[in-house]
Each structure stands twice: as C-alpha cells, then as structure tokens.
Amino acid sequence: MPKTLLGLIGHPLGHSLSPQMHNEQFRRLGLDGYYHLFDTPTEELQESVQALRQLGTAGFNITIPYKVSVMAYIDRVDSSAERIGAVNTVVRENEELVGYNTDGEGYLESLLAVRSLEQIKNANILVIGAGGAARAVCYALSLRRPNNIILVNRTQEKAEQLKSHLEDIASIEVVPKEEAESRNSEYDILINTTSIGMSPETDRSPWPLKNVKTSALCSDLIYNPWETRWLKEARKAGLDTLNGSGMFVNQGALAFKYWTGQEPDRKAMHSLVENHLK
Ligand code: ATR
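Residues numbered from 1 in each chain as written. Predicted model: local features only at pLDDT ≥ 70, side-chain atom pairs only at ≥ 80, totals over all residues.

## Quick word on the site of the ligand
Inference 1: Around the ligand, 15 residues are found, and the nearest of them are Gly-131, Gly-132, Arg-154, Thr-155 and Thr-194.
Inference 2: Tallying contributions element by element places helix H6 (residues 132-143) first for the shell around the ligand, with three residues.
Inference 3: Its residues placed into classes, the shell around the ligand shows four nonpolar, nine polar and two charged. (Near = placed C-beta within 6 Å. Helix = DSSP H or I, 4+ residues; strand = E, 2+ residues; numbered from the N terminus. Nonpolar A, V, L, I, M, F, W, Y, C, P; charged D, E, K, R; others polar.)

Printed below as a string of structure tokens:
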C-alpha cells in the first residue's frame, strides 16, 4: 500500500529541511504519509500540480517562486490567503485542491512565544520590506490590531500597495527610510522581512539600531544563518531577538495539521531545525 504523498513545490529547493521535519512527525504519529521535494522549473508548475492531484496527494507546500502563480492551478483559495495574495499550503478537500497561507499565523505564533497579545496590541511595529513574506506577516499582525504598523521598503510604491490591502483592518503608515530611522525610539518590535543578511553578498544590517528602546524586540524572518549580523548586533546591544526558525516550524506545523488533522510535536520539529542550523 503506497504512502500518502505530500511535499514541497519550488525552485531551487536546495537543502530544505521540510522533508525531514514532516517525515519525522509522520513516523512519530504512525501516519501513512511521506513528504518529498518536487524541484519544479517554471514551465512545469502546472504539470507538477496536476501530477500530485492525479497521484491522490493529501496536499503540499509551495515556496519561492510559486506562492502566487500556483493559485491559477488549484480549485479554491481561502479568504486569508486571498487577502495575503499568496498560497504556501495546498490541502486536498474531497476532490478539490484548496490554497491556504500558514506563513503569517506561523510568524504570529512565534512572536507570541516572546511577547504577549497585550504587548502586541500596544506595540508600534516597524516592518522592513514589503514582499510576500511582509504581506503574510502584516496580515497576521493586523488581525491583532497593534497600535501602529510602520512600513518601510526600498521601493516605497510596494509598501503603499501592501498598506492599501490592509488599511481597513489596521493602522499602517508608509514612511520613507530617513523618517523611519529618525523615529527609532518609537518602536517596540522591529521585523526584518527582507533577504538582507541571508547570503554573504548581503551580510549587513538591514536597519540601524541607534536610539532603539532597550525593551524592543528585533525579529528577523531569516533562520539560515541562525543569527544574522543584525540579530547579533541587537543581542549585543541588550535587545531581545527572535530568528525565523519559529515561523518556519509553525508554518509547517499548521500545514501538517491541515493535512492530517493532528497536532505535530513542534518542540521536536524545532530541535531538528536547530540541530541542523545552529
Ligand atoms: P519574500 O517572498 O521573501 O518576501 P520578495 O517578495 O521578493 O520575497 O520581497 C523581498 C523584499 O526584500 C522586498 O521588500 C525587497 O524590496 P523591493 O520591494 O524594493 O524589491 C526587499 N529587498 C530585497 N533585497 C533588498 C536589498 N538589497 N535592499 C533593500 N531591500 C531589499
């Protein structure tokens, strides 16, 4: 009897930890599932989705660069993913492939491990970047109605677009970089959603920490490297820090729950990621 097929569609997939993270949980829970990597060139995205559908997949994850384009090849998109404008998790429900986005809630759950809901509601939050990850994070934050979200991006127009998607549910200000920097002492939570700090070419700080409150939290969505230059600077300055490993684990755990109806062991998932990357 073949195992239920799950997996990750993206390109390039490199050393994704998702298969190990999910397969260990299938084993632990005695579930008949197996999570594969489906490294898919752009011209084959539709075929990959079709093939998984025909093989009776229970669902799959989608990553860069297909979180938007996959929506054309599935049957339905849930309202949160539609608002975020991206799908990272597809679930087979009866005969339909339904798209969800677990990135934003995954992030929020990791934030709630270090800040209370009350603190988030009272917070002024600086979000650096306005790409897909920022959209998911800002949506999840907006649902908790923080005091203010200050959005800054290299391309300001993209930040304006993000704001227009969410301004009916949250207070969002788009601010030029110089002004956002001059307001550093306002922020309670600073979130880097850009790729600055991920590779040797971008091994620099995405945001200066001058005048930032000592009670502030610096949160980077990057988890490889485990501690970016920015988080190192923040830690040395005595600030609280949060890397992206919790978001990665939680987005996976939420997808796992959609597919199986069961709660995986997030601590074990996190240990696995930490053991590989720290
Ligand atoms: P993701 O899905 O990971 O969010 P994305 O949609 O390509 O990826 O968004 C990347 C974000 O990082 C964008 O906000 C991008 O800024 P632009 O909108 O101006 O492109 C930001 N970014 C990437 N590299 C950057 C760099 N070298 N300097 C400043 N911002 C950068």
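Read on for the rest.
## Points about the UniProt feature "active site" (unreviewed entry) in the protein chain
Inference 1: Mapped onto this structure's residue numbering, the UniProt feature "active site" (unreviewed entry) falls at Lys-67.
Inference 2: By secondary structure assignment, the location of Lys-67 is in the loop between strand S3 (59-62) and strand S4 (76-77).
Inference 3: Residue classification places Lys-67 among the buried residues on the basis of 26 C-beta atoms within 10 Å.
Inference 4: Ignoring anything within four residues of it in the chain, the contact list for Lys-67 reads Ile-62, Ala-86, Val-87, Asn-88 and Gly-132. (UniProt positions renumbered as here; feature names shortened; annotations may be inferred. Buried ≥ 20, exposed ≤ 12 C-beta atoms within 10 Å, placed from the backbone. Contact = placed C-beta atoms within 7 Å.)

## Some thoughts on the sheet that holds strand S6 (residues 96-100)
Inference 1: Spatial ordering of the open sheet is given by S2-S1-S3-S5-S6-S4, a layout of six strands whose pairing is mixed. Two strands bound the open sheet, and with one partner strand each, they are strand S2 (33-39) and S4.
Inference 2: Both strand S1 (residues 4-10) and S3 contribute to a ladder of two bridges, which runs parallel. In the sheet register, Leu-8 faces S3, and the bridge partner there is Asn-61.
Inference 3: Along the sheet face, helix H1 (residues 18-28) touches S1, S2 and S3 and points at about 170° away from the line of S2.
Inference 4: Along the sheet, helix H10 (residues 245-260) makes contact with S1, S2, S3, strand S5 (89-93) and S6, crossing S5 at roughly 10°. (Pairing = 2+ DSSP bridges. Axes fitted to C-alpha atoms, helices over the stretch in contact; angles between N-to-C directions.)

## Some thoughts on the domain arrangement of the protein chain
Inference 1: Segmenting the protein chain into domains produces domain 1 (4-101 + 246-277) and domain 2 (114-243).
Inference 2: Put simply, the middle of domain 1 and the middle of domain 2, counted by C-alpha atoms, are 26 Å apart.
Inference 3: Opposite the eleven residues of domain 1 that make contact, domain 2 presents ten residues.
Inference 4: Elements supplying a minimum of two residues to the side of domain 1 that touches domain 2: helix H3 (79-84) and H10.
Inference 5: Taken together, the residues of the side of domain 1 that touches domain 2 sort by class into five nonpolar, four polar and two charged. (Domains from an automatic or database assignment.)

## Some details on the environment of Arg-92
Inference 1: Within the secondary structure, Arg-92 is located in strand S5.
Inference 2: Along the backbone, Arg-92 and Tyr-258 are 166 residues apart, and their C-alpha atoms lie at a distance of 9.3 Å.

## Some remarks on the UniProt feature "domain: SDH C-terminal" (unreviewed entry) in the protein chain
Inference 1: Taking the numbering used here, the UniProt-annotated feature "domain: SDH C-terminal" (unreviewed entry) corresponds to residues 244-273.
Inference 2: With 80% helix and 0% strand, residues 244-273 has its two end C-alpha atoms placed 11 Å apart.

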